[in-house]
Amino acid sequence: MADQQSDKHTDDRIDLSVDLGYGKVLPNPLMTASGCAANGAELHRFFDVSQLGAFVTKSVMADPRSGRGTPRMAETPSGMLNSIGLQGPGIAAFVDTDLPWLASVGARVLPSIAGSSSTEFAHVAATLRASRAFAAVVGVEVNISCPNVANRGLVFACDPGASAKVIALVREQLPRDVPIFAKLSPDVTDITSIAAACVKAGADGLTMINTLLGMVIDTDLMRPHLGGITGGLSGPAIRPVAVRAIWQVRQAMAEGRIPVVPIIGVGGVRTGRDALELVAAGASAVQVGTATFNDPTAPVRVLHELTDLLVEKGYQRFSDVVGAAHGSPLPPRPVPVDERSRA
Amino acid sequence: MSSPPARARVAKEVAEVIATRRVGAYQHLTLVSPEIAELARPGQFVALAVGDESSATLLRRSFSIHKVSPSGTYGGTVEIVVSAVGPGTRWIVARAPHDLVDVVGPLGKAFPVPTEPVPCVLVGGGYGSAPLFWLASQLRERGCHVEMVLGAASEDRLFGVVEARRSCDGVTVTTDDGSAGHRGWVSDVLPDLIDRTGAGVVYGCGPMGMLRSITDIAGRHGAVAQVAVEEAMACGVGVCMTCVMPVVGADGQTRMVRSCVEGPVFRGDRVRWDAFDGNHARVPDDAVGAPRTGGH
């Protein structure tokens, strides 16, 4: 099962490598999406998780969390709503069990961390740094789409100030050569302002997008379907929202409004073509989330489909196609005066 | 450090439907799925994708395995029983012979079987009986006396009465409307049956309310209940965290555990039935990591 394709995470036809910064180079741009792959052991039955560019774990908080009651899920057209409530073992169990296991199978790990307060985020980051398997960590994803208890449960990612505070505190806790990625919510008026606040506070990259807030009503019971009332919408239905968000932030980088940092694209990717859409909009890496529920091999399948598609299109380096839909590479070249007047 | 548990082998196969037939209110499908047929044990389930790889219905539908034939004429086959209750299951029951379906399995934990030949009672509600005939054969091979109770709302919602007579030492049928067997519920006949046979284990598969009732009765009559639950699942393979339910672990602590990997079979007395309201489970206040005041 696992070893049949173990040589396929790199490809001699094309350079798939991705530079996350600080010398953290991934062999390819495919990742799991946080919360859609547990912590690796379940999917390792279907494919070798070390084939992925990185494995993104389920968001972990300071203490064990039961999550919410059920129902936690509602199927929607080309997607689903979930209301899990950040169920997890807590950071102590994570660094004791899950991270060493991922390290033991050779996975490059992008742990996702969460908190109900900025100090909880910092504590989780510090515990992670002090753990014995930390060498497997290629970066840390900061899930700022959690309710901030200090602000009546408003999610951090909806407030540039709260987002910046979390990012700055997490940045302080981690070694300089470990990049941190702020995972942004699309449920904001202007995603570029949140992105800018996060990068200014020390984020080395951005992950876009988290789920969209949605709701389903059970018309037999005439009550909200989910135990948590509202839930996060994911799946192919939200892909155009992800493409839009990545595009806008990449555009803001091109215009100099946000420093240029890598974007990890996530949202509705089911095929290699879908992944290419996010990449062309500006993503330097791509996560596969809800599609994994439909096809447990989806993350590696998308990698192979994307590779074949790029080779077919004649690309020799994956990095050449990042942001290609914008028409000009980043950072923007100085444009000669006569060209400018022609435009 | 404790390592994550080693996980049993699982396969993903594109399976050809080689037979499909109506059985009462249900559809009985036979799929050519040699790897799964080879690996599966009674109580485990399979997860079927709905539609093709561009289907807008993303979530798999899970079905307990009715039967496997590892070396059939067409190669190993896996049989399932489907009740069409929504668009996903309607698509599955509409599959014709030679159609292909994407199947993942075997998933979940099997029914534990006793090491000694103790008498057993197997209780199936509606098509929940599907995995019990296969289990009955295995128990009888081990020398267990096996009785089965099949219950349903009406005769057309019973599954496997004839097969039960073939695979068990005794069969009792109940229907809510009296259209077949005793009028009433399985819980009406179960106490006497446990006492008469001296059953040490009661196996159950069916709706949550019935499983709770089986657990209560088994406990009062000195038997252990092993129940296979039916929870709504999105993935079936342990990654989505939607199919959780509150279960007491070996350490006495209640946790929200995934019924797809830690179940679907649980010891009945480990399930926190007090937290269920219909099919909805709340998090008990004493569960590990339960929400504190203010909630999550």
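Residues numbered from 1 in each chain as written. Chains lettered and ligands numbered in written order. Predicted model: local features only at pLDDT ≥ 70, side-chain atom pairs only at ≥ 80, totals over all residues. Heavy atoms only, no water.

Caption draft 1: Highlighting the overall build of chain B. Across its full length, chain B carries six helices and 17 strands. A burial count over chain B gives 57% of its 296 residues as buried. Across chain B, contacts joining residues at least 24 apart in sequence account for 63% of those joining residues at least 6 apart. Of the roughly 12200 Å² that chain B leaves accessible, carbon and sulfur atoms contribute 48%. Across chain B, the centroid of the 28 positively charged side chains sits 3 Å from that of the 31 negatively charged ones. (Helix = DSSP H or I, 4+ residues; strand = E, 2+ residues; numbered from the N terminus. Buried < 20%, exposed > 50% of the residue type's maximum accessible area, 1.4 Å probe, protein only. Contact = heavy atoms within 4.5 Å. Areas by Shrake-Rupley, 256 points an atom, 1.4 Å probe, with all protein chains shown as cover. Lys, Arg positive; Asp, Glu negative; His and termini not counted. Charge placed at Lys NZ, Arg CZ, Asp CG, Glu CD.)

Caption draft 2: Quick look at the nonpolar core. With 127 residues, the main nonpolar core has A:Ile113, A:Val142, A:Ile144, A:Leu184 and A:Leu206 as its most contacted residues. Of the residues that make up this core, three or more belong to each of domain 1 (11-107) and domain 2 (120-281) of chain B. Contact partners of A:Leu184, with chain neighbours within four places excluded, come to A:Ile144, A:Ser145, A:Ile191, A:Ile194, A:Ala195, A:Cys198, A:Leu206, A:Thr207, A:Met208, A:Ile209 and A:Asn210. (Core = buried A, V, L, I, M, F, W, Y, C linked by side-chain atoms within 4.5 Å. Domains from an automatic or database assignment.)

Caption draft 3: Looking closely at the packing of aromatic side chains. All names here are of chain B. Scanning all chains against the criterion turns up five aromatic pairs over all chains. A ring pair is formed by tryptophan 273 and phenylalanine 276, whose centres lie 5.9 Å apart and whose planes are at 40°; its orientation type is tilted. By relative accessible area, phenylalanine 276 is classed as buried at 12%. Residue placement shows arginine 95 over the ring face of tryptophan 91; its charged tip is 3.8 Å from the ring centre. (Phe/Tyr/Trp six-rings, centres within 6.5 Å; stacked < 30°, edge-to-face > 60°. Lys NZ or Arg CZ within 6 Å of the ring centre and 35° of its normal.)

Caption draft 4: Just the interface of chain A and chain B, in detail. Opposite the 45 residues of chain A that make contact, chain B presents 45 residues. Overall, the association of chain A and chain B removes approximately 3700 Å² of surface from exposure, summing both partners, and the carbon and sulfur fraction of that is 60%. Where chain A packs against chain B, one counts three salt bridges. We note a salt bridge from A:Glu42 to B:Arg258, for which the minimum N-O separation is 2.9 Å. For the interface between chain A and chain B, the tally reads 14 residue pairs in polar contact (both at pLDDT 80 or more). Mapped onto the side of chain A that touches chain B, the elements with two or more residues apiece are strand S5 (73-76), strand S6 (79-82), helix H1 (91-104) and helix H7 (291-294) of chain A. By residue number, the principal contributor to the side of chain A that touches chain B is H1(A), which donates four residues. Looking at the side of chain A that touches chain B residue by residue, the classes come out as 18 nonpolar, 15 polar and twelve charged. (Buried area = accessible area lost by both parts, 1.4 Å probe. Salt bridge = Lys/Arg side-chain N within 4 Å of Asp/Glu carboxyl O. Polar contact = N/O pair within 3.5 Å; in protein donor to acceptor, adjacent residues only side chain to side chain. Nonpolar A, V, L, I, M, F, W, Y, C, P; charged D, E, K, R; others polar.)

Caption draft 5: Layout of the UniProt feature "binding site: FMN" (unreviewed entry) in chain A. Residue and element names in this part refer to chain A. According to UniProt, the positions carrying the feature "binding site: FMN" (unreviewed entry) are Ser34, Lys58, Ser59, Asn143, Lys183, Ile209, Gly235, Gly267, Gly268, Gly289 and Thr290. Counting through the fold element by element, serine 34 comes out in the loop between strand S3 (30-32) and strand S4 (55-56). Relative accessible area serves as the criterion here: at 14%, serine 34 is assigned to the buried category. Those residues within four positions of serine 34 in sequence are excluded, and the remaining contacts are Val56, Thr57, Lys58, Ser59, Ser112, Glu141, Lys183 and Gln287. Within the structure, serine 34 has its side chain in polar contact with the backbone oxygen of threonine 57 (distance 2.8 Å). Structurally, serine 59 can be placed in the loop between S4 and S5. Using a relative accessible area of 6% as the deciding quantity, one classes serine 59 as buried. Polar side-chain contacts of serine 59 include one of 2.6 Å to the side chain of serine 112. (UniProt positions renumbered as here; feature names shortened; annotations may be inferred.)

Caption draft 6: Examining the sheet that holds strand S15 (residues 230-234) of chain A more closely. Residue and element names in this part refer to chain A. Ordered in space as S5-S6-S15-S12, the four strands form an open sheet in which the pairing is antiparallel. Strands with a single pairing partner mark the edges of an open sheet, and in this sheet they are S5 and strand S12 (212-215). When strand polarity is set aside, the average angle formed by the axes of neighbouring strands in this sheet is 35°. (Pairing = 2+ DSSP bridges. Axes fitted to C-alpha atoms, helices over the stretch in contact; angles between N-to-C directions.)

Caption draft 7: Focus on a nonpolar patch on the surface. Residue and element names in this part refer to chain A. Taken together, the side chains of Met215, Ile217 and Ile229 present a nonpolar region at the surface, about 280 Å² in accessible area. In this structure, isoleucine 229 sits in the loop between strand S14 (223-224) and S15. Judged by relative accessible area, isoleucine 229 falls into the partly exposed class, the value being 44%. (Patch = residues over 30% accessible without salt bridge, like charges linked within 9 Å, V, L, I, M, F, W, Y side chains within 5 Å.)

Caption draft 8: Quick peek at the UniProt feature "binding site: FAD" (unreviewed entry) in chain B. Per the UniProt entry, the sites bearing "binding site: FAD" (unreviewed entry) are B:Arg61, B:Ser62, B:Phe63, B:Ser64, B:Gly88 and B:Thr89 in this numbering. Position of B:Arg61 among the secondary structure elements: in strand S4 (residues 61-69). Among residues more than four places away in sequence, those in contact with B:Arg61 are A:Glu75, B:Val46, B:Ala47, B:Leu48, B:Val50, B:Gly88, B:Thr89 and B:Ile92. By the element assignment, B:Thr89 lies in helix H2 (residues 87-93).

Caption draft 9: Structural view of the side chain of A:Arg72. Structurally, A:Arg72 is set in the loop between S4 and S5. Despite its burial, A:Arg72 remains without a salt bridge, the nearest opposite charge being carried by B:Glu231 at 8.7 Å. One polar contact links the side chain of A:Arg72 to the main-chain carbonyl oxygen of A:Ser66, over a distance of 3.0 Å. Among the polar contacts listed, one links the side chain of A:Arg72 to the backbone oxygen of B:Met241, at a separation of 2.8 Å.

Caption draft 10: Fine view of unusual backbone geometry. Cis geometry marks the peptide bond from A:Thr70 to A:Pro71; its omega dihedral reads 0°. Summarising the element assignment, A:Pro71 is placed in the loop between S4 and S5. The residue after B:Gly263, namely B:Pro264, is reached through a cis peptide bond having omega 5°. When you line up the elements, B:Pro264 lands in the loop between strand S14 (254-258) and strand S15 (265-267). At A:Leu86, a residue that is not glycine, the phi angle is positive and equals roughly 50°. Looking at where A:Leu86 falls in the secondary structure, it is placed in the loop between S6 and H1. For A:Leu86, a relative accessible area of 19% puts it in the buried group. A positive phi is found at A:Ile229, a non-glycine position, where the angle reads about 65°.

Caption draft 11: Main features of the pattern of salt bridges. Evaluation of the coordinates by the stated rule reveals 27 salt bridges over all chains. Here A:Asp308 and A:Arg13 are joined by a salt bridge, their closest N and O atoms 2.9 Å apart. Placement of A:Asp308 in helix H8 (residues 298-312) and of A:Arg13 in the segment before strand S1 (18-19) is noted, with a sequence separation of 295 residues between them. Among the ionic pairs, B:Glu163 bridges to B:Lys67, the shortest N-O distance being 3.5 Å. Here B:Lys67 lies in strand S4 and B:Glu163 lies in helix H4 (residues 161-167), a separation of 96 residues in the sequence. One salt-bridge network, held together by shared partners, links A:Asp295, A:Arg301, A:Glu305, B:Lys12, B:Arg60 and B:Asp102.

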